[in-house]
Amino acid sequence: MKGVVAVQREPSALPWIGGMAAAVVVWVLLYSQLIPFSEWLVSLLPVERHSHLGESIAFFFYDVPKVLLLLTLVVFAMGVVRSYFSPERTRALLAGRRVGVGNAMAASLGIVTPFCSCSAVPLFIGFVSAGVPLGVTFSFLIAAPMVNEVALGLLFALLGWKVALTYLGFGLAIAIVAGWVIGRLKLEGWLEPWVLKIHAGAADLPDTTTSWPDRVRAGLEAVREIVGRVWYWIIAGIAAGALIHGYAPEELLASIMGKDAWWSVPAAVVIGIPMYSNAAGIIPVVEALLGKGAALGTVLAFMMSVIALSLPEMIILRKVLSVKLIAVFVAVVGSGILAVGFLFNLLFA
Amino acid sequence: MKDVKVLGPGCKRCDTAVQMVKDAAAAAGVEISVSKVTDYAEIARFGIASTPAIVVDGQVVHAGGLPKAEDLARWIAA
């Protein structure tokens with residue numbers, strides 16, 4: 001391998017440790033002041049605290065800083081974790097894996113491997129042409145967008161760690177099973193013909209060293225990029241949620257989205273598939289719907305289908321997959337989400 | 001003259017990477033020719049799995065995300 005020798009540099013870790021400790025202290029102080037802060041803000045406004053409007057405003061001013069603080073923490077941690085992974089390294093781990101074990105590994109690696117949706121096609125070809133089985137590649141491609149740090153951070157912030165962990169578990173399960181099913185169907189022939197002609201193998205990348213300050217910087221960069229991209233979605237989502245919280249009648253939502261309405265799960269999936277939004281805009285709405293009697297499985301099924309399957313993504317994948325293969329992909333993942341929706345409604349009844 | 005290729009379907013990061021390459025070459029006083037490779041089949045031939053990727057004189061030196069400025073300076077000067 002024609003590697004390039006990394007330049008030796010030994011940055012002092014002390015300022016980084018000091019900076020991190022200071023950041024943690026500031027974070028904890030801010031977090032502990034959330035309720036007094038929102039109550040104080042509402043008391044400044046000329047509204048009755050216990051009116052509909054007062055409830056909505058207090059909810060908004062409490063939720064926005066809370067969600068942003070927790071999200072920043074989760075995104076930072078994930079940014080640091082991701083500095084240990086790369087799509088090329090993940091590919092090397094997955095190449096030639098057997099179906100089954102390979103699907104489980106691919107789904108788990110999908111969570112921690114840095115992945116941007118604009119490189120979905122290069123990643124797909126890069127994986128398949130270097131010997132990662134098609135079904136294993138799909139497990140990765142399903143898990144990567146669905147189980148992401150924004151979804152997990154927001155679910156944790158708004159609905160608690162139990163829901164966040166259950167989402168993580170079911171998200172992984174869908175990615176593993178759907179990838180396994182697609183692998184068993186042996187649909188390699190349904191790829192676009194030019195994809196099969198590429199036998200590029202894997203490029204040899206030079207080794208680079210990553211120091212601790214680099215990893216902290218990667219975490220900060222992730223916060224700047226991701227929180228910078230989604231914060232206004234969160235504010236819009238929480239504003240919508242606050243309106244639902246203050247005004248929506250409970251009986252109405254319970255009858256449409258409650259767990260007694262069995263048809264609401266398939267309806268939520270069918271409506272959610274073509275929609276495209278990110279977790280940031282949709283989860284605050286999900287929280288408010290839940291508070292008004294909607295069933296958890298129904299709203300999560302809706303959320304998963306919005307995040308995991310979307311029209312723009314299918315249009316991008318159309319470059320490498322035939323329409324038949326995309327249809328199978330949507331059908332398999334959609335059934336998985338449907339199953340999860342029903343299961344959630346049973347478990348969290 | 002060094003031949004530098006930036007591989008990527010044309011997202012914002014790819015454009016940023018092209019600019020970084022130009023800046024690094026200007027700073028190092030190295031003459032280079034930069035080209036963008038946006039065709040998926042063409043990108044796939046380099047055997048990478050993430051973009052933007054950087055190829056210097058036919059050798060892939062970087063894949064996925066933006067490179068570190070100091071690494072870039074090293075690849076261009078090498």
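Residues numbered from 1 in each chain as written. Chains lettered and ligands numbered in written order. Predicted model: local features only at pLDDT ≥ 70, side-chain atom pairs only at ≥ 80, totals over all residues.

Here we look at the overall build of chain B
What counts here: Put simply, DSSP marks the helices as runs of H or I at least four residues long and the strands as runs of E at least two long, and each gets a number from the N terminus on. Each radius of gyration reported is based on C-alpha atoms, and the globular scaling rule is 2.2 Å times the count of residues to the power 0.38.
Each helix and strand counted, chain B has three helices and four strands in total. Starting at the N terminus and walking to the C terminus, you meet the elements of chain B as β-α-β-α-β-β-α. For chain B, the C-alpha radius of gyration of 11 Å lies close to 12 Å, the compact-globule estimate for 78 residues. For chain B, the spread of C-alpha atoms along the three principal axes comes to 35 × 20 × 15 Å.

Quick word on the domain arrangement of chain A
Residues and elements named next belong to chain A. Rule in force here: Boundary definitions for the domains trace back to an automatic or database domain assignment. Once C-beta atoms are placed from the backbone, any two residues with those atoms within 7 Å are in contact. Residues are grouped as follows: Ala, Val, Leu, Ile, Met, Phe, Trp, Tyr, Cys and Pro are nonpolar; Asp, Glu, Lys and Arg are charged; all remaining types, including Gly, are polar.
Along its sequence, chain A is carved into domain 1 (15-82 + 211-229) and domain 2 (87-201 + 248-349). If you look at the interface, domain 1 gives eleven residues, while domain 2 gives eleven residues. Here the side of domain 1 that touches domain 2 takes ten residues from helix α3 (residues 52-82), the largest share from any one element. Here the residues of the side of domain 1 that touches domain 2 sort into eight nonpolar, no polar and three charged.

Re the environment of isoleucine 32 of chain B
All names here are of chain B. Note the following rule: Residue burial here comes from a neighbour count, namely the number of other C-beta atoms, placed from the backbone, that lie within 10 Å of the residue's own C-beta, with 20 or more meaning buried, 12 or fewer meaning exposed, and in between meaning partly exposed.
Mapped onto the elements of the fold, isoleucine 32 is located in strand β2 (residues 32-37). Here isoleucine 32 falls in the partly exposed class, since 17 other C-beta atoms lie within 10 Å of it. Between the C-alpha atoms of isoleucine 32 and aspartate 57, which are 25 residues apart in sequence, the distance is 10.0 Å.

Things to note about the environment of isoleucine 125 of chain A
For isoleucine 125 of chain A, the location among the structural elements is in helix α6 (residues 120-129). Its 27 C-beta neighbours within 10 Å are what place isoleucine 125 of chain A among the buried residues. Considering only alpha carbons, one finds isoleucine 125 of chain A and phenylalanine 140 of chain A, 15 residues apart in sequence, at a separation of 13 Å. In this structure, isoleucine 125 of chain A is in contact with Val195, Ile198 and Val320 of chain A together with Tyr40 and Ala44 of chain B, ignoring residues within four places of it in sequence.

Remarks on the nonpolar core
Nonpolar side chains in soluble globular proteins tend to be buried together. All names here are of chain A. Going by this rule: In these notes, a nonpolar core means any group of buried Ala, Val, Leu, Ile, Met, Phe, Trp, Tyr and Cys residues linked to one another through C-beta atoms within 7 Å.
Ile142, Ala143, Ala151, Leu154, Ile283, Val299 and Met303 are the most contacted members of the largest nonpolar core, which has 121 residues in total. With eleven residues, the single largest contributor to this core is α3. Look past the residues within four positions of isoleucine 142 in its chain and what remains in contact with it is Ile174, Ala175, Ala178, Gly179, Ala308 and Val333.

Describing helix α13 (residues 264-272) of chain A
Rule in force here: The arc under discussion is defined with respect to the helix axis, by the directions toward the C-beta atoms.
For α13 of chain A, the complete set of buried residues consists of Ser264, Val265, Ala268, Val269 and Gly272 of chain A. Buried residues of α13 of chain A, viewed axially, fall in a sector of 135°; they line one side.

A word on the pairing of strand β4 (residues 59-63) of chain B
We count it as follows: At least two DSSP bridges between two strands are required for those strands to pair.
Along β4 of chain B, four of the five residues are buried, which leaves the element largely enclosed by surrounding structure. Hairpin connection of strand β3 (residues 53-56) of chain B to β4 of chain B: two residues between the antiparallel strands, including aspartate 57 of chain B at a positive phi of 50°.

What about the interface of chain A and chain B?
The interface of chain A with chain B comprises 28 residues on the first partner and 24 residues on the second. Elements with a minimum of two residues in the side of chain A that touches chain B: α4 (87-94) and α6 of chain A. For the side of chain A that touches chain B, the leading source of residues is α6 of chain A, giving seven residues. When its residues are assigned to classes, the side of chain A that touches chain B shows 18 nonpolar, six polar and four charged.

Thoughts on the packing of helix α8 (residues 149-159) of chain A against helix α14 (residues 279-291) of chain A
Residue and element names in this part refer to chain A. What counts here: Every angle, taken between N-to-C directions, lies between 0 and 180 degrees, and every axis is a line fitted to C-alpha atoms, over only the stretch in contact when it is a helix. Note on terminology: angles under 35 degrees are roughly parallel, angles over 145 are roughly antiparallel, angles of 65 to 115 are roughly perpendicular, and the others are oblique. Take the far helix as your reference; a near helix turned counterclockwise from it by less than a right angle gives a left-handed crossing, and one turned clockwise gives a right-handed crossing.
Direction vectors running N to C along α8 and α14 enclose 25°, while the axes themselves pass 10 Å from each other. Taken as axis vectors, α8 and α14 run roughly parallel relative to one another. Between α8 and α14 lies a crossing of right-handed hand. Judged by residue contacts, Val150, Ala151, Leu154, Leu155, Leu158 and Leu159 of α8 engage Ala279, Ala280, Ile283, Pro284 and Glu287 from α14. When its residues are assigned to classes, the contact of α8 with α14 shows ten nonpolar, no polar and one charged.

A look at the sheet that holds β3 of chain B
Residues and elements named next belong to chain B. Spatially, β2-β1-β3-β4 is the arrangement adopted by the four strands of the open sheet, whose pairing is mixed. One side of each edge strand has no neighbouring strand; the edge strands of this open sheet are β2 and β4. In this sheet, neighbouring strand axes are inclined to one another by 20° on average, regardless of whether the strands run parallel or antiparallel. As defined by bridge partners, strand β1 (residues 2-7) adjoins β3 across four bridges and the pair is classed as antiparallel. The partner of lysine 5 across the bridge, within β3, is valine 55. Sitting on the sheet, helix α1 (residues 12-28) touches β1, β2 and β3, and the angle it makes with β2 is about 175°.

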